[in-house]
Amino acid sequence: MPGCPRGPTWQEQYELGVRYLSEGNYEEAILAFTAAIEIDPKRAPAYVGRGDAYVLSGETEENLAVARADYETAIELDETLAEAYLGLADVYIRQGEYEKALEVLQTGVQKVENSKMISDKIAEMQNTLEMSTKDTLLFSQCGITDFVSEEEYTIGGIPFYELTIDEARNLLPQFDEDEFWEFDGRKIYDVRCIEGNKHYVVIQCEQLLSNPTLDYVKYANFSGITPDISTEIRGVSLGNSMKDVLEKIGIPFPVSNSIVESGLSITVGADHTTADGYGWLRLDENISSSDDKNRRTINILIDHGLCTMRFAEGQLESLTLHPYGR
């Protein structure tokens, strides 16, 4: 009717949301995009805009869940919208779901014609760790946000560097038998697995009588017949693949995959002394590169010591914890 006020159009609300988003006013952007969706719920760009606003307003679990739903809705409405695939992949990356992010992007490449943005993002993820053996990358460059902390290197839930060998004896798991003795100014404790007439050491601790706590703890499976042994470190067990161990300790896909494919060992500095406050990693030549068992190592430098994980034929063969200065 003549004289009746005209309500805002979808385009006006959408453009208002885009403006608020560019200004960093994410709450107002969410309101504007929501208004656009209410006017016309069949237009995909408004869902992408609202998803972007939710992600940028704070990486809470709730915000990421809402953003993911918006990007998924946008893809359902328009499977050729590159920004929707990029947004959904970004949510998965922020949640540490790197394989899902790659799946989304690969789907986007098939659905979106000539999408350089998606192709570039895939290349960025797949080539994160293309570096020489002398290169060092900060955690922030590799998407590492939840690397294992030294407080998680435990025996019976207690950090190993705080325990005496007597305390460790009461906390370690038991297999077929154990043995404890003193020799040459030190205490030694072994947990063994028996196979026929052979006794295989699967866990060993040592402490000099002159030191207040453990000098080392070693989990080993050199025989290949001992049972699975949990090390208490992020669910890492002897026999795990190198890729599984890398991802369990906090090195995400595709970086973990790049490390495995490099055929090299790795050293990680997780002592929180670097400029970004998180740590660094580098690839190293294998000490036993000519060994027919293809031995590789993950060395992790922590504030209180060193964790060395050795792999043979792709599986974790031993893990040793050393406090510093021992």
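Everything below is about the structure shown above.
All values derive from a computational prediction rather than experimental measurement.

What counts as what
- Residues numbered from 1 in each chain as written.
- Predicted model: local features only at pLDDT ≥ 70, side-chain atom pairs only at ≥ 80, totals over all residues.
- Heavy atoms only, no water.
- Helix = DSSP H or I, 4+ residues; strand = E, 2+ residues; numbered from the N terminus.
- Buried < 20%, exposed > 50% of the residue type's maximum accessible area, 1.4 Å probe, protein only.
- Contact = heavy atoms within 4.5 Å.
- Areas by Shrake-Rupley, 256 points an atom, 1.4 Å probe, with all protein chains shown as cover.
- Salt bridge = Lys/Arg side-chain N within 4 Å of Asp/Glu carboxyl O.
- Phe/Tyr/Trp six-rings, centres within 6.5 Å; stacked < 30°, edge-to-face > 60°.
- Lys NZ or Arg CZ within 6 Å of the ring centre and 35° of its normal.
- Pairing = 2+ DSSP bridges.
- Axes fitted to C-alpha atoms, helices over the stretch in contact; angles between N-to-C directions.
- Arc of directions from axis to C-beta.

*Asks:* How should I be thinking about the overall build of the protein in this particular structure?
*Replies:* A tally of helices and strands in the protein yields 11 helices and 12 strands. When each of the 326 residues of the protein is scored for burial, the buried share is 44%. The long-range share in the protein, meaning contacts at least 24 apart out of those at least 6 apart in sequence, stands at 47%. When the accessible area of the protein is evaluated, it comes to approximately 16,600 Å², of which 47% is carbon and sulfur surface.

*Asks:* When you look at unusual backbone geometry in this model, what are you seeing that I'm missing?
*Replies:* Outside of glycine, negative phi angles account for most residues, and trans bonds account for most peptide bonds. Within the chain, N114 stands out as a residue other than glycine whose phi angle is a positive 55°. Within the secondary structure, N114 is located in the loop between α6 (98–111) and α7 (116–126). N114 sits in the exposed class, given a relative accessible area of 71%. Of note, the phi angle at R234 is positive, near 55°, even though the residue is not glycine.

*Asks:* What should I look at first to understand the pattern of salt bridges in this one?
*Replies:* Side chains that differ in sign of charge can pair as their charged atoms come close. Evaluation of the coordinates by the stated rule reveals 15 salt bridges. A salt bridge links R94 to D90, with the nearest nitrogen and oxygen atoms 2.7 Å apart. Here R94 and its partner D90 are both found in helix α5 (residues 82–94), 4 residues apart, which amounts to about one turn of the helix. Accessibility expressed as a relative area gives 24% for D90, which makes it partly exposed. Salt-bridge contacts for D146 lead to R234; the nearest nitrogen and oxygen are separated by 3.4 Å. Here R234 lies in the loop between β7 (216–220) and α10 (242–249) and D146 lies in the loop between α8 (139–142) and β2 (154–155), a separation of 88 residues in the sequence. Under the relative-accessibility criterion, D146 is labelled partly exposed at 49%. Accessibility expressed as a relative area gives 23% for R234, which makes it partly exposed.

*Asks:* Just to check I follow, could you spell out the packing of aromatic side chains for this structure?
*Replies:* Geometry of an aromatic ring pair is reported as the spacing of the ring centres plus the angle between the planes. In this structure the tally under the stated criterion is 5 aromatic pairs. Taken together, a centroid distance of 5.0 Å and an interplanar angle of 5° make the contact between W10 and Y14 stacked. Taken together, the residues span about one helical turn, with W10 and Y14 both in helix α1 (residues 10–22) at a distance of 4 residues. Residue class for W10 comes out buried when judged on its relative accessible area of 8%. Between R43 and the ring centre of W10, over which it is positioned, the NZ or CZ distance is 4.3 Å.

*Asks:* Where do I start with the environment of P8 in this structure?
*Replies:* For P8, the position within the fold is in the segment before α1. In the structure, P8 is positioned 28 residues away from A36 in sequence and 8.8 Å away in space, judged by C-alpha atoms. Dropping the residues within four chain positions of it, P8 is found in contact with Q13 and I39.

*Asks:* What is the right way to look at the side chain of T231 in this model?
*Replies:* Among the secondary structure elements, T231 is positioned in the loop between β7 and α10. Judged by relative accessible area, which is 1%, T231 ranks as buried. Setting aside anything within four residues of it in sequence, one finds T231 in contact with T154, Y219, V236 and L319.

*Asks:* Help me understand the environment of I93 in this model?
*Replies:* Along the chain, I93 turns up in helix α5. Of the residues examined, I93 reaches a relative accessible area of 19% and is grouped as buried. Along the sequence, I93 and P252 sit 159 residues apart, while their C-alpha atoms lie 9.5 Å from each other. Once you skip the residues sitting within four places of it in the chain, I93 turns out to touch Y98, A101, K121 and M125.

*Asks:* Where do I start with the sheet that holds strand β9 (residues 280–284) in this structure?
*Replies:* Backbone-to-backbone hydrogen bonds join strands into a sheet, with any given pair of strands oriented parallel or antiparallel. Ordered by their spatial adjacency, 10 strands build an open sheet running β1-β9-β8-β10-β11-β12-β7-β6-β5-β4, and the pairing between neighbours is mixed. At either margin of the open sheet sits one strand with a lone partner, and together these are β1 (136–138) and β4 (177–183). Averaged over all neighbouring strand pairs, the angle between strand axes comes to 15°, with direction disregarded. Pairing of β7 with strand β12 (residues 315–323), which is carried by 4 bridges, proceeds in the antiparallel orientation. Each bridged residue has a counterpart across the sheet, and for V217 the counterpart in β12 is L321. Here α10 sits on the sheet in contact with β8 (265–269), β10 (296–302), β11 (305–312) and β12, set at roughly 15° to β10. Docked against the sheet, helix α11 (residues 255–262) engages β8, β9 and β10, running at close to 130° with respect to β10.

*Asks:* Would you mind showing me how to read α11 here?
*Replies:* Side chains of residues three or four places apart in an α-helix project in the same direction, reflecting 3.6 residues per turn. Residues V255, S256, S258 and I259 constitute the buried set of α11. Taken end-on, α11 shows its buried residues confined to a sector of 160°, consistent with a single buried face. In the segment just after α11, G263 is the residue with positive phi, at about 75°.

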